[in-house]
Amino acid sequence: MENAILQYDFFPHYYTSNKDIYELILCECLNKSKKMIDLCGGKFSLIKNQCNKQPDVIADNSGYEIDFKMMISETLKEFQSRTAPIAQEIAPGVKAFHNPPQLKKKVVLIWNCCRNMDDARLQYLRTQKDMEAKAVTHFFDKVINTDKNILLFIPVFFTTVDQSLSAEIQYETIHKELSETTSYIYTYRNEKCNNYDTYIVYAVNIPNKKEFSLIIAKFTANGLEIVDRVSFFSLESVQKLAIENL
């Protein structure tokens, strides 16, 4: 979502290099949140060998289940091929890395496409054949139209364009924009899967504070409500991957 208020950068490729890695990061994020543990009834265990449509995590005490869904249009392999840095040898034994050009134009950003969505707009997109229309209708008709509690993961760090704002105002600005953009998801899920919960985890970067956070939010009748904020680099898997990729 790049507009006059927000901008974003994709997660470094090694945090989303395969499903097992980002699921572990999300599970650790949930377990770092006492509010999520209290809300769902215990710490979460990651289901590593899934079969028969098992969830990604289960709360140890209550059996509450959550399935993780990434909010991008492509398969994880395709996404990684686009986001992984390109290495170029600039001298014997010396490599420089840079990101693929025009990345953001090649990936359909599902969360951004949800802006101004309603029933009529979704029905219209079902009649279209372009890449964006196919990605959006697949997301609504196949990905989130499921009788499960789901957690939608946006694999980017959001920042505000105006870095002079205080850190808390930046957090509030980003959340307000995302809440407005994704509001139709609650409407759709409330109609199709009324007995199941829907969460979003998104990331915020406050550059002048060198602060990276994961925000856990839940859709309710009052809108997208923040459950908790977790420091990104407090997660063991994140620390390990960061060190391995220095």
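Structure: see above.
Residues numbered from 1 in each chain as written. Predicted model: local features only at pLDDT ≥ 70, side-chain atom pairs only at ≥ 80, totals over all residues. Heavy atoms only, no water.

J.: Account for the overall build of the chain, naming residues and giving values.
T.: The helix and strand inventory of the chain stands at 10 helices and 10 strands. Of the roughly 12900 Å² that the chain leaves accessible, carbon and sulfur atoms contribute 49%. (Helix = DSSP H or I, 4+ residues; strand = E, 2+ residues; numbered from the N terminus. Areas by Shrake-Rupley, 256 points an atom, 1.4 Å probe, with all protein chains shown as cover.)

J.: So what's going on with the pairing of strand β4 (residues 65–70)? Which residues, and what values?
T.: With five of its six residues buried, β4 lies for the most part within the structure. In terms of strand pairing, strand β3 (residues 57–59) meets β4 through two bridges, oriented antiparallel. Residue pairing across strands places V57 opposite I66, the latter belonging to β4. In this antiparallel pair of consecutive strands, β3 and β4, the connection spans five residues, and G63 shows a positive phi of 80°. In the sheet, β4 pairs with strand β7 (residues 150–160) via four bridges, with the strands oriented parallel. Residue pairing in the sheet places M70 in a bridge with F153 of β7. (Buried < 20%, exposed > 50% of the residue type's maximum accessible area, 1.4 Å probe, protein only. Pairing = 2+ DSSP bridges.)

J.: So what's going on with the state of the cysteines? Which residues, and what values?
T.: Tallying each qualifying case throughout the model produces zero disulfides. The cysteine C27 is free of any disulfide, with C29 supplying the nearest cysteine sulfur at 9.7 Å. (Disulfide = S-S within 2.5 Å.)

J.: Please give an account of the side chain of T182 that cites residues and values.
T.: Summarising the element assignment, T182 is placed in the loop between α8 (167–181) and α9 (183–192). A relative accessible area of 1% means that T182 is categorised as buried. Discounting residues that sit within four places of it in the chain, T182 has contacts with W111, C114, I200, F219 and L224. (Contact = heavy atoms within 4.5 Å.)

J.: An account of the packing of helix α7 (residues 131–143) against α9 is requested, with residue identities and associated values reported.
T.: Packing of α7 against α9 brings their axes to within 11 Å, and their N-to-C directions diverge by 35°. Both α7 and α9 take part in a crossing whose hand is right-handed. Note on element contacts: α9 touches α7 through Y184, I185 and Y188, opposite F139, F140 and D141. Within the contact of α7 with α9, the residues separate by chemical class into five nonpolar, no polar and one charged. (Axes fitted to C-alpha atoms, helices over the stretch in contact; angles between N-to-C directions. Left-handed = near helix turned anticlockwise from the far one by under 90°. Nonpolar A, V, L, I, M, F, W, Y, C, P; charged D, E, K, R; others polar.)

J.: Before we move on, can you summarise the packing of helix α1 (residues 19–32) against helix α10 (residues 236–244) with the specific residues and values?
T.: At their nearest, the axes of α1 and α10 sit 8 Å apart, and the two run at 135° to each other. It follows from the interaxial angle that α1 and α10 lie oblique. Contact with α1, carried on its side by I21, L24, I25 and E28, involves E236, S237, V238 and L241 of α10 and no other residues of that element. When the residues that make up the contact of α1 with α10 are grouped by side-chain class, the tally is five nonpolar, one polar and two charged. (Parallel < 35°, antiparallel > 145°, perpendicular 65-115°, else oblique.)

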